[in-house]
Amino acid sequence: MRSLTLALFLGLGAACGTSSSPSPDQNRGVEGRADVGPDDACEPPVPTTPLPERASLDRTEVSASFTVEFEAEVRAPSVDVQGPGRATASQTGPRSVELGVEALVRGQTTRLRLTVSAGCGDPSWSGETEVEIEVAPWELLEPIAEGPPPEPPAAPWFVEVSEEAGFGEASSDSRAMLVDVDGDGFDDLVRLPVTDLPLQPTVWRNLAGDGGFGFAPFTTGLEETTATLLLFGDVDEDGDMDALSFTGVRSPEGQQGVWLNDGAGQFSFDGDWGIAASRLAPFAFTEPAAATLADFDQDGRLDLYLGIWYTQVQNGDTIGSSIPRDDLLYRNTGGTFEAVSLPEQLNPLTREANMLLGNPRSEVSLDSTGRAAYGLAAGDFDGDGDIDLFVNNYGAGRPAFNSPPWYWDHNFLWRNDGDMVFTDVGVELGVAATRRGTLTQNESPLVFSGITMPGPIGGNGFGAEFADFDADGDLDLIAATIAHPDYPESDRTLLWVNENGQFTEESQQRGLEWAEDEIHPHFVDVDMDGRMELAMSRLRNTRMEFYAPTEDGRFVRQSYETTGVDISRPGPTLWTDLDGDGDLDFFMPKGAGRVFRNEAGDGRNWLKLDLVASGPRDATGARVRVRTSAGTPLRQVVSGQGHYNVQPSRTLHFALGNDAGAEDVRIRWPDGRTQELGGVKANLRLRVVQDGPIDIVSGG
């Protein structure tokens, strides 16, 4: 409840154009005369701190109190209420009365009339005030006014605008990340070659910051290094996106560590910050294949998880693979990363298989063996307030070319137990591996040289993503794999549906078709109807695929004529609103760069949120849930995910179909505190600062 003091009364009176001293009417009574009783010596009460004519409360308040002081003793306070709310009037001293009101309703005015009698007799005084809760221009007070369900979009869904967006010159395929490097509020592009040497980053600035469309090369200082993997987040808590670079066998001359951003998109190398060197020997390197930043211990700073693939060894012009190494976990202590131990990462099945084969691998070799991370996803799958991790590992335990199986690289599901303590619950929750392969629903035992190997075999994981594809308010999980038809028992791409922190694998039931080389999955609401489509990038002689949801929760693969996207060997897709019309367009780092403008979402309503947290400031780990006619979709802020980091936009996007807005908008900040926005109007981009203002950035 707000308690309004004399200082507040004076301010409110000035704002309303009234004097801070009692008016004659307030001194004499509401009718403008003294209600004098039989005893002419008894005067009506005279307030020394009058009621304000009008009080406007902050949108987070639903109650208020007012203290009125009088020159002489008073008695018998009473209050009349016109409008919503409950009011009380109580005497707090011989000369003071407190007027309280609660259960106010946003958008409606409540009028209060306070009456007190003189302590010496019957003369009375009455004063009035109006109380209302401030209504922000972005607030939606009415129900969301669901419109008719959106019609299916016309074909094609997308139109290519690559040259218009500034990508025309031939170049090699690359990895890509969406990062606002210059702090102007628009997603820029960072590209990193896949294999063409040198692996030198390039940055492309989003011209929307200047009122234009597309991208242009932008010198940042990152081009001074080479890297196998890049990752972005505000590691020094100064409000801009810093970079982390990781080197490998293809980037041995690069710098591994942290690049600090000056706020305008210029980066300078700040040392390794304690991150272990990737070079193991003159020609041997660990291979960083996945990474993410998150405040795992909720101390307000971004910590680091680094997924390591097979050790890479250079032999002349040839690069070979050795054993997989352990993934690495680091705590951000403020200016440096401190290594934190994870539980043993060697799969017990690997040790069991080695014993069955006569121990061809030494204990020393096994002790240094981990699992081959090739993609990851970060998110609070169990809803307990901290960030968990799924690691999609590569290397199904199966013989190849008549060689024995060496490793069972089943997936990790690291449950965060607090204070940087993680427990692998992948087997317990059924996401480590399945016994259902590409062509079978119950794999047969793997037999090599007459020896039955342990199972299940597992899969060859690549990209992964936590996403609330079914709009029920929790994070589901998709894990892409390469599933070769000549190994029918190895896992295909898997879709795990989350129900109260428990997963059920439903890829086949939901209509996902088997394909051999699936690399980069991403759920996105293409047609803006409130239900998410699935975009799947593939490898080798395959093409870009889109799945559309059906009313019964299944997915149907769309034709290339429908989508307008027919790309062989597609790369990852990065989604952002390039043309400012509210729907999501996408960039693909294929060749020179491919840009596709979204036509399917035209005319549909939307909501975008940019979050600034108390710590970490870039709001990594924050999540927002809303209510729409399509359900209660959940979105989260992520710093790094997928295969070699397909870093998504930090702007959270909600498709609203024909709804007039979103209701019950609720933010859970990285530190676990929550903030209720209530109803929010459609077609707005808001910037929400934790414990601070809420501003309209665009729209309206």
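Residues numbered from 1 in each chain as written. Predicted model: local features only at pLDDT ≥ 70, side-chain atom pairs only at ≥ 80, totals over all residues. Heavy atoms only, no water.

### Here we look at the overall build of the protein
We apply this condition: Secondary structure follows DSSP: runs of H or I at least 4 residues long count as helices, runs of E at least 2 residues long count as strands, and numbering of each begins at the N terminus. Exposure classes here rest on a 1.4 Å probe applied to the protein chains alone. A residue is buried below 20% of its type maximum, exposed above 50%, and partly exposed in between. Note on contacts: a residue pair is in contact if any heavy atoms of the two residues lie within 4.5 Å. In these tables, accessible area is a Shrake-Rupley quantity obtained with a 1.4 Å probe, and a residue counts as shielded only by the protein chains included in the view. When charges are counted, Lys and Arg contribute as positive and Asp and Glu as negative, whereas His and the chain ends are disregarded. The atom standing in for a charge is NZ when the residue is Lys, CZ when it is Arg, CG when it is Asp and CD when it is Glu.
The helix and strand tally for the protein stands at five helices and 50 strands. Its C-alpha atoms give the protein principal-axis dimensions of about 115 × 55 × 50 Å. Within the protein, the proportion of its 700 residues that are buried is 57%. Taking as baseline every contact in the protein between residues at least 6 positions apart, the subset at least 24 positions apart corresponds to 60%. For the protein, the accessible surface area stands at approximately 27000 Å², while carbon and sulfur atoms represent 48% of it. Both charge centroids of the protein, one from 52 positive and one from 113 negative side chains, sit 3 Å from each other.

### Thoughts on the nonpolar core
The nonpolar side chains of a soluble globular protein tend to be buried, and buried together. Heads up, the condition is: For this analysis, a nonpolar core means a set of buried residues of the types Ala, Val, Leu, Ile, Met, Phe, Trp, Tyr and Cys, connected via side-chain atoms within 4.5 Å.
Membership of the largest hydrophobic core comes to 28 residues, with the highest contact counts inside it found for Val-235, Leu-244, Phe-246, Leu-293, Leu-304 and Phe-337. Elements represented by at least two residues in this core include exactly strand S14 (229-233), strand S15 (242-246), strand S16 (257-261), strand S20 (288-294), strand S21 (303-308) and strand S26 (372-379). Sequence-distant contacts of Leu-304, defined by excluding residues within four places in its chain, comprise Leu-231, Leu-244, Phe-246, Ile-275, Thr-292, Leu-293, Phe-296, Leu-328, Leu-329, Tyr-330 and Phe-337.

### Quick look at the sheet that holds strand S2 (residues 54-57)
Put simply, the test is: Strand pairing is assigned whenever DSSP identifies at least 2 bridges connecting the two strands. Inter-axis angles, ranging from 0 to 180 degrees, are taken between N-to-C directions of lines fitted to C-alpha atoms, where helices are fitted over the stretch in contact.
What the four strands build is an open sheet, ordered S2-S8-S7-S4; its pairing is mixed. Each having just a single partner strand, S2 and strand S4 (74-82) make up the two edges of the open sheet. Taken over all neighbouring pairs, the strand axes of this sheet differ in orientation by 25 degrees on average, direction set aside. Of the pairings in the sheet, the one linking strand S7 (residues 110-118) to strand S8 (residues 124-133) comprises eight bridges and is antiparallel in character. In the sheet register, Ser-117 faces S8, and the bridge partner there is Ser-124.

### Brief notes about the confidence of the model for the protein
As a reminder of what qualifies: pLDDT is a per-residue confidence score from the predictor, ranging from 0 to 100.
For the protein, per-residue confidence averages 90 on the pLDDT scale, and residues scoring 70 or more make up 93% of the total. Here residues 1-39 scores under 50 on pLDDT; set against residues more than four positions off or in separate chains, the count is 65 contacts.

### Examining the sheet that holds S20
If you walk across this open sheet you meet the four strands as S20-S21-S24-S25, and the pairing is antiparallel. Whereas interior strands pair on both sides, the edge strands pair on one side only; in this sheet they are S20 and strand S25 (337-340). Adjacent strand axes in the sheet meet at a mean angle of 25 degrees, parallel and antiparallel pairs treated alike.

### Re empty space enclosed by the protein
Quick note on the threshold: A 1.4 Å probe that fits but cannot get out identifies a cavity on a 1 Å grid over protein atoms alone, an open set with protein on both sides within 12 Å along at least five of seven lines counts as a pocket, and a residue lines either if it has an atom within 4 Å of a point. Grid points are joined across faces, edges and corners, and a volume is the space filled by probe spheres set on the points. Under the grouping applied here, Gly and all other residues not named as nonpolar or charged are polar, the nonpolar ones being Ala, Val, Leu, Ile, Met, Phe, Trp, Tyr, Cys and Pro and the charged ones Asp, Glu, Lys and Arg.
For the structure on display, the rule yields five cavities of 30 Å³ or more. Of the voids in this model, the largest cavity is the one considered here, and its volume is about 80 Å³. Lining the largest cavity we find Asp-295, Gln-298, Gly-385, Asp-386, Ile-387, Thr-620, Gly-621, Arg-668, Trp-669 and Pro-670. Of the residues assigned to the lining of the largest cavity, the class counts are three nonpolar, four polar and three charged. Considering only enclosed or pocket space, the second largest cavity measures out at about 60 Å³ in volume. Looking at side-chain class alone, the lining of the second largest cavity contains two nonpolar, eight polar and two charged residues.

### Section: the environment of Met-532
Mapped onto the elements of the fold, Met-532 is located in the loop between strand S36 (518-524) and strand S37 (533-538). Each C-alpha atom, one on Met-532 and one on Leu-634, is 12 Å from the other, the two residues being 102 residues apart in sequence. Look past the residues within four positions of Met-532 in its chain and what remains in contact with it is Asp-468, Phe-469, Phe-523, Val-524, Asp-525, Pro-549, Phe-555 and Arg-635.

### Quick notes on the environment of Gly-661
Looking at where Gly-661 falls in the secondary structure, it is placed in strand S47 (residues 661-668). Judged by its relative accessible area of 0%, Gly-661 is buried. If we skip the residues at most four places from it in the chain, Gly-661 touches Leu-140, Ile-144, Leu-656, Val-680, Lys-681 and Ala-682.

### Side note on the pairing of strand S43 (residues 605-612)
Extensive coverage of S43 is indicated by the burial of eight of its eight residues. Where burial is concerned, the two faces of S43 agree: the one with Asn-605, Leu-607, Leu-609 and Leu-611 and the one with Trp-606, Lys-608, Asp-610 and Val-612 are both buried. Bridge count for S43 against strand S46 (residues 652-657) is five bridges, and the pairing is antiparallel. Bridge pairing in S46 links Leu-607 to Phe-654. Where S43 and strand S49 (residues 684-689) come together, six bridges link them in parallel fashion. Bridge pairing in S49 places Val-612 opposite Val-689.

### Details of the side chain of Gln-690
To keep things clear, this is the line we draw: Two N or O atoms form a polar contact when they lie within 3.5 Å of each other; inside protein one atom must be a possible hydrogen donor and the other a possible acceptor, and for residues adjacent in sequence the pair counts only when both atoms belong to side chains.
Relative to the assigned elements, Gln-690 resides in the loop between S49 and strand S50 (694-699). Within polar-contact distance, the side chain of Gln-690 engages the side chain of Asp-671 at 3.2 Å. Every residue in contact with Gln-690, bar those within four places of it in the chain, is listed here: Val-612, Ala-613, Ser-614, Trp-669, Asp-671, Arg-673 and Gln-675.

### Things to note about the pattern of salt bridges
The condition is simple: The term salt bridge refers to a pairing of a side-chain nitrogen on Lys or Arg with a carboxyl oxygen on Asp or Glu at a separation within 4 Å.
Scanning the model with the defined rule gives 41 salt bridges in all. Linked by salt bridges that have partners in common, Arg-54, Arg-111, Arg-113, Glu-128, Glu-130 and Glu-132 make up one network.

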